2 protein chains.
Amino acid sequence: PSRPLAAALLALVALAGPAPGQPPEAPAEAEPPAQPTSAEVLEAAAPSDWRALDPERTLYVELPGGRVVIELAPEFAPRHVENVVKLAREGYFDGLAVLRSQENYVVQWGDPKAGEEGARAMRTGKAGLAAEFDRPIARDGGGDLPFTPLPDGDVYAPEVGFTLGFPAARDARSGEGSGRTWLAHCYAMVGAGRGDTADSGSGAELYVVIGHAPRHLDRTVTLLGRVVRGMEALSTLPRGTGALGFYEDPSEHVPVLSVKVAADVPPAERTPLELLRTDTATFEAWIASRRHRRESWFLDPVGRIELCNVPLPVREPPAPAPDAQP
Amino acid sequence: PSRPLAAALLALVALAGPAPGQPPEAPAEAEPPAQPTSAEVLEAAAPSDWRALDPERTLYVELPGGRVVIELAPEFAPRHVENVVKLAREGYFDGLAVLRSQENYVVQWGDPKAGEEGARAMRTGKAGLAAEFDRPIARDGGGDLPFTPLPDGDVYAPEVGFTLGFPAARDARSGEGSGRTWLAHCYAMVGAGRGDTADSGSGAELYVVIGHAPRHLDRTVTLLGRVVRGMEALSTLPRGTGALGFYEDPSEHVPVLSVKVAADVPPAERTPLELLRTDTATFEAWIASRRHRRESWFLDPVGRIELCNVPLPVREPPAPAPDAQP
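A quick note: this is a predicted structure, and the numbers were derived from the prediction, not measured. (Residues numbered from 1 in each chain as written. Chains lettered and ligands numbered in written order. Predicted model: local features only at pLDDT ≥ 70, side-chain atom pairs only at ≥ 80, totals over all residues. Heavy atoms only, no water.)

(A) How the structure looks around the overall build of chain A. From N to C terminus, chain A includes five helices and 17 strands. Going through the 326 residues of chain A one by one, you find that 51% of them count as buried. (Helix = DSSP H or I, 4+ residues; strand = E, 2+ residues; numbered from the N terminus. Buried < 20%, exposed > 50% of the residue type's maximum accessible area, 1.4 Å probe, protein only.)

(B) Structural context of helix H5 (residues 281–291) of chain A. Most of H5(A) sits inside the fold, with ten of its eleven residues counted as buried. Looking only at H5(A), the buried set comprises A:Ala281, A:Thr282, A:Phe283, A:Ala285, A:Trp286, A:Ile287, A:Ala288, A:Ser289, A:Arg290 and A:Arg291.

(C) Quick peek at the interface of chain B and chain A. Of the residues lining the interface, 42 residues belong to chain B; the matching set on chain A comes to 42 residues. At the junction of chain B and chain A, the tally comes to 25 residue pairs in polar contact (both at pLDDT 80 or more). Its residues assigned to classes, the side of chain B that touches chain A comprises 18 nonpolar, twelve polar and twelve charged. (Contact = heavy atoms within 4.5 Å. Polar contact = N/O pair within 3.5 Å; in protein donor to acceptor, adjacent residues only side chain to side chain. Nonpolar A, V, L, I, M, F, W, Y, C, P; charged D, E, K, R; others polar.)

(D) Examining the sheet that holds strand S10 (residues 180–183) of chain A more closely. All names here are of chain A. Taken in spatial order, the five strands of this open sheet run S6-S10-S9-S8-S7, and their pairing is antiparallel. Unpaired on one side and paired on the other, strand S6 (135–136) and strand S7 (148–149) mark the two borders of the sheet. Sheet topology places strand S8 (residues 159–163) next to strand S9 (residues 166–170); five bridges connect them, and they run antiparallel. Bridge assignment links Phe162 to a residue of S9, and that residue is Pro167. (Pairing = 2+ DSSP bridges.)

(E) Here's a closer look at the pairing of strand S12 (residues 206–209) of chain B. All names here are of chain B. Of the two faces of S12, the one lined by Leu206 and Val208 and the one lined by Tyr207 and Val209 are each fully buried. In this sheet, S12 lies alongside strand S5 (residues 106–110) in antiparallel orientation, the contact comprising four bridges. Directly across from Val106, in S12, lies its bridge partner Val209. Looking at chain direction, strand S11 (residues 189–192) and S12 are connected through three bridges and run antiparallel. Bridging from a neighbouring strand, Ala192 pairs with Leu206 of S12.

(F) Spotlight on the state of the cysteines. Residue and element names in this part refer to chain A. Scanning the model with the defined rule gives two disulfides over all chains in all. With a sulfur-sulfur separation of 2.0 Å, Cys186 is cross-linked through a disulfide to Cys308. Taking the torsion about the sulfur-sulfur bond, which here is approximately -75 degrees, the covalent link between Cys186 and Cys308 counts as left-handed. One end of the pair, Cys186, is in the loop between S10 and strand S11 (189–192); the other, Cys308, is in the loop between H5 and strand S17 (314–315), with 122 residues separating them in the sequence. (Disulfide = S-S within 2.5 Å.)

(G) Region of the structure containing the packing of aromatic side chains. Residue and element names in this part refer to chain B. Taken as a whole and judged by the stated rule, the model has six aromatic pairs over all chains. A ring pair is formed by Tyr92 and Phe93, whose centres lie 5.4 Å apart and whose planes are at 80 degrees; its orientation type is edge-to-face. Each member of the pair, Tyr92 as well as Phe93, carries the same accessibility label: buried. Here Arg67 stacks its cationic end above the ring of Tyr60, 4.0 Å away from the centre of that ring. (Phe/Tyr/Trp six-rings, centres within 6.5 Å; stacked < 30°, edge-to-face > 60°. Lys NZ or Arg CZ within 6 Å of the ring centre and 35° of its normal.)

(H) Quick peek at the pattern of salt bridges. Summed over all chains, the structure comprises 40 salt bridges over all chains. Two residues, A:Arg135 and A:Glu75, come together in a salt bridge whose shortest N-O distance is 3.4 Å. Of this pair, A:Arg135 sits in strand S6 while A:Glu75 sits in the loop between strand S3 (66–72) and helix H3 (78–89), and the two are 60 residues apart along the sequence. Relative accessible area serves as the criterion here: at 13%, A:Arg135 is assigned to the buried category. Exposure remark for A:Glu75: the relative accessible area of 30% places this residue in the partly exposed category. Where B:Glu62 meets B:Arg67, a salt bridge forms, and the shortest distance between an N and an O atom there is 2.6 Å. Taking the relative accessible area as the measure of exposure, B:Arg67 reaches 23% and is therefore partly exposed. Taken together, the shared-partner salt bridges connect A:Glu56, A:Arg89 and A:Asp264 into one network. (Salt bridge = Lys/Arg side-chain N within 4 Å of Asp/Glu carboxyl O.)

(I) Representation of the sheet that holds S17(A). Residues and elements named next belong to chain A. Reading across from one edge, S1-S16-S17 is the order of the three strands in this open sheet, with antiparallel pairing throughout. Only two strands of the sheet have a single neighbouring strand rather than two, namely strand S1 (50–52) and S17. In this sheet, strand S16 (residues 274–276) lies alongside S1 in antiparallel orientation, the contact comprising three bridges. Note on S16: the bridge partner recorded for Trp50 is Leu276.

(J) Highlighting the environment of A:Ser38. All names here are of chain A. Residue position: Ser38 is located in helix H2 (residues 38–44). According to the relative accessible area criterion, Ser38 is buried, its value standing at 5%. Ser38 sits 92 residues away from Ala130 along the chain, and the two C-alpha atoms are 40 Å apart. In this structure, Ser38 is in contact with Trp286, Ser289, Arg290, Arg293 and Glu295, ignoring residues within four places of it in sequence. A polar contact of 3.2 Å, which involves the side chain of Ser38, links it to the side chain of Ser289. A polar atom in the side chain of Ser38 sits 3.2 Å from the side chain of Arg290.

(K) Quick peek at the relation of the copies chain B and chain A. Its rotation angle being 180 degrees, the transformation that places chain B on chain A also includes 0.0 Å of axial translation and leaves an RMSD of 0.0 Å. These values place the two chain copies in the arrangement generated by a two-fold rotation axis. By residue overlap, the copies meet face to face through one surface: 100% of the interface positions of chain B are interface positions in chain A. (Least-squares fit on C-alpha atoms with pLDDT ≥ 70 in both.)

(L) Structural view of the pairing of strand S8 (residues 159–163) of chain B. Residue and element names in this part refer to chain B. The buried fraction of S8 is high, at four of five residues. Pairing of strand S7 (residues 148–149) with S8 involves two bridges; the strand directions are antiparallel. Within S8, the position partnered with Pro149 by the bridge is Gly161. The hairpin turn running from S8 into strand S9 (residues 166–170), its antiparallel successor, is two residues long, and Leu164 in that turn takes a positive phi close to 55 degrees.

In structure tokens form, the structure reads like this:
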């Protein structure tokens with residue numbers, strides 16, 4: 001966030017050249033100004049546009065199909081994040097199972113014997129927590145949570161955009177507004193399954209969105225993170241044939257080999273990842289490049305974008321350049 | 001569509017009883033009127049609220065993971081539907097392959113050798129067709145296409161709703177409006193892959209949406225149908241590791257055993273399905289039940305819904321009741 005917006009945008013526009021397939025003298029009001037493609041935005045991004053995952057706030061879920069990397073969202077769900085970290089550290093999840101895979105909805109894992117004889121005991125974690133459906137836009141120490149808004153509206157919320165790398169909604173309307181903000185149920189978001197009461201979830205059972213964003217769940221379940229790598233190990237699991245996509249026979253359960261906090265995994269075994277920051281001029285250029293797709297395949301870019309259609313770039317950290325400036 | 005709206009809604013409300021978890025004397029302006037749950041809407045539906053698939057406009061795609069049933073949309077893409085039916089009838093697709101499975105996007109099948117030596121020849125079908133990105137709202141014979149609108153707006157289009165069982169958008173604004181309507185890229189929609197030009201698709205290569213609705217593709221590719229049964233045979237395929245989710249090695253290709261028009265399959269081998277009509281009072285009640293979820297799990301129903309979050313009910317036809325009235 002160190003580069004002024006205008007300079008960054010100019011640099012990116014310079015990279016782009018004339019938009020493909022467009023007449024050089026198209027009237028300015030008929031077409032938006034030339035913008036870089038998504039690939040060009042990423043190529044032009046500075047090292048400071050990327051952030052590394054915090055290993056204390058990252059989970060590795062090991063499945064037979066591979067590792068799922070989850071970034072936790074302590075700013076939105078501090079109690080649930082603390083609880084899930086405790087549960088992971090006491091080995092609570094290790095050897096549990098994926099219980100549910102519902103087409104175009106969610107995959108969910110937990111204790112197959114939860115609430116029954118033989119249920120796994122918790123030592124430091126808790127089985128129920130007060131809900132964290134939303135939170136104040138204002139931070140305790142003063143100032144608001146960062147928020148990069150999207151300009152095209154939303155069906156479910158007064159305003160949507162990105163906060164600290166997560167898709168979020170908020171109600172900052174003066175007067176009638178609630179002053180609250182909340183995470184949005186986009187693809188790959190992770191939430192804490194619950195029963196019929198608001199305080200019956202804890203993170204001991206977790207679900208991941210694998211279909212079209214079920215935004216009607218916003219503020220109805222606590223979201224606590226997002227899968228940033230390895231979605232395919234969840235999304236390609238066989239669908240359960242029972243009600244709500246639950247596997248009907250325990251033999252169908254997919255083992256959760258372990259869930260670990262990345263900081264507890266030897267550095268050589270970690271998955272080093274960087275995410276594009278969402279509070280930068282580069283991210284604004286990224287959004288612009290997704291609203292107006294300049295790749296030649298897109299014949300008539302729509303010029304609008306919906307929250308859950310903005311991809312959040314993830315990369316392996318690049319090797320340091322030998323001639324890098326200090 | 002034979003029952004008056006008010007009568008149908010009253011009947012459904014009578015079924016519902018008091019909304020769960022709501023005080024009996026809640027002020028009318030604070031809460032919407034009591035409405036039935038989704039299950040209650042379907043229970044109360046009349047036989048005439050359902051329609052059978054037309055076997056002449058239904059495709060069976062046979063994959064190793066099972067049968068995928070596609071309803072074609074000749075009102076929106078008559079040329080593409082005609083061409084795909086011709087290709088299916090000449091056996092063009094039989095033995096081709098799923099070439100691409102891209103996480104949170106699409107699965108696509110076609111000829112692995114398309115455009116190369118050894119490409120499969122077409123006999124009656126065509127390799128390129130004029131695009132069918134949208135069409136007039138007005139029908140040739142007079143009157144408009146039926147359209148059941150959604151009340152909560154849309155990020156991409158002036159108006160969205162349902163036409164003939166498909167999620168659709170339209171621009172019926174007086175004056176500035178285009179008077180056009182088009183299918184929307186919701187989960188399970190089927191489109192005709194194309195190259196860089198608008199007329200380079202034909203239906204010889206087909207894709208299905210398996211992730212969050214890529215609505216930015218609306219009016220940029222020709223949509224020609226929707227998977228109404230068997231999505232899991234597509235959505236759980238291993239993701240391709242190449243660019244755009246293409247399988248990198250031909251050994252990874254998933255065989256397309258055959259694609260047949262349902263009418264050409266012996267009746268005993270067909271998949272009999274009925275779909276809830278989208279131009280009825282029951283369907284309006286269905287939408288209402290999805291906007292205000294009355295099931296007790298939903299603590300604070302959002303009262304809004306987005307186009308691609310409206311499920312389109314499909315069922316096996318019920319056995320005729322022994323005492324059915326003539």
